[in-house]
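This is what each chain is made of:
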Amino acid sequence: MKLRIATYNIHKGMSSFGSRPRIHALKQAMTSMHADVLFLQEVQGRHDLLAARHTTHWPEQAQHEFLAGDSHHSAYGMNAVYDHGHHGNALLSCFPIATARNQDVSDHAYEARGILHCVVQVAQVEVHCYVIHLGLFAGSRKRQTEALIDAVGGSAPADAPLIIAGDFNDWGNHLGESLRLQLGVTEVFDDTLAPRSLSGYLRRLSGRGPAKIKPARTFPAALPCLRLDRIYVRGFAVESAQVLHGALWAKLSDHAPIVATLKLR
């Protein structure tokens, strides 16, 4: 069985510079992904001020419910709470979501972060899905990654297929090795990007071995140069993976989305 999945930091449904609502255009663009499961970050569950300011462009529903529409089920993990609303992570799935649990992994009072764990029922198989948005500071990201490893180890059977996706804010690419070693996961660009690059080919010809595998560039969406977003999988073969960029995506969020096609092993 194949799954088409995506991870996307939607910037709370606002334009890249945070001035204009883009939630309707986001829904249309996300529909064009044809993704079975979407891992979303910075999803606005409620924002009374923006709803009052943009009455004709702000949906009455929470953003995860609006984006899910009639085609997908949705689950939401509320992380940041303030007087006029809240935001967090969300999972949209065209398959039933059997369970959903949000775990607080905030490292300090100024950044509310969480891990949204959903069990998605794909035919007869339970796929464990984790939506993550790590902190801006290196120490926080390291501790939150350790919490993620503990959470996966405590909630998913060792042989269960799983997907971990989100905004890791890991521009230095320091966290992936721990996830690979301790959870047995691979990143979707491990096999599809680095081995096919010209530099990788030249290294193999010269006998220097493979180049260091790096995630894709996803930020800023207008001209991606930082490697912030990831999709890690276990129990799946990666058939394709790509970053969606260009004029359309640059207008919708400050991050570019990653879309991947997976085949259940």
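Residues numbered from 1 in each chain as written. Predicted model: local features only at pLDDT ≥ 70, side-chain atom pairs only at ≥ 80, totals over all residues. Heavy atoms only, no water.

The name given to the protein in an unreviewed UniProt entry is Endonuclease/exonuclease/phosphatase family protein, with the source organism recorded as Undibacterium arcticum.

Caption draft 1: How the structure looks around the pattern of salt bridges. Applying the stated criterion across every chain yields a total of six salt bridges. A salt bridge links Glu111 to Arg113, with the shortest nitrogen-to-oxygen separation between them at 3.0 Å. Taking the relative accessible area as the measure of exposure, Glu111 reaches 9% and is therefore buried. Classification of Arg113 by relative accessible area gives buried; the value is 11%. In this structure, the salt-bridge partner of Arg230 is Asp170, at a minimum N-O distance of 3.2 Å. Highlighted residues: Arg230 in strand E10 (residues 229-234) and Asp170 in the loop between strand E8 (162-167) and helix H5 (176-183), separated in sequence by 60 residues. Judged by relative accessible area, which is 2%, Asp170 ranks as buried. (Salt bridge = Lys/Arg side-chain N within 4 Å of Asp/Glu carboxyl O. Buried < 20%, exposed > 50% of the residue type's maximum accessible area, 1.4 Å probe, protein only. Helix = DSSP H or I, 4+ residues; strand = E, 2+ residues; numbered from the N terminus.)

Caption draft 2: Main features of the pairing of strand E7 (residues 125-133). Most of E7 is tucked away, with seven of its nine residues classed as buried. Where strand E6 (residues 114-122) folds back on E7, the antiparallel hairpin that results is connected by two residues, among which Ala123 adopts a positive phi of roughly 55°. Direction of pairing for E7 relative to E8: parallel, over a ladder of six bridges. Within E8, the residue paired with Ile132 across the bridge is Gly166. Since E7 and E8 lie parallel, the crossover through helix H4 (residues 138-155) that links them has a hand, and here it is right-handed. (Pairing = 2+ DSSP bridges. Right-handed = clockwise from strand over helix to strand, strands pointing away.)

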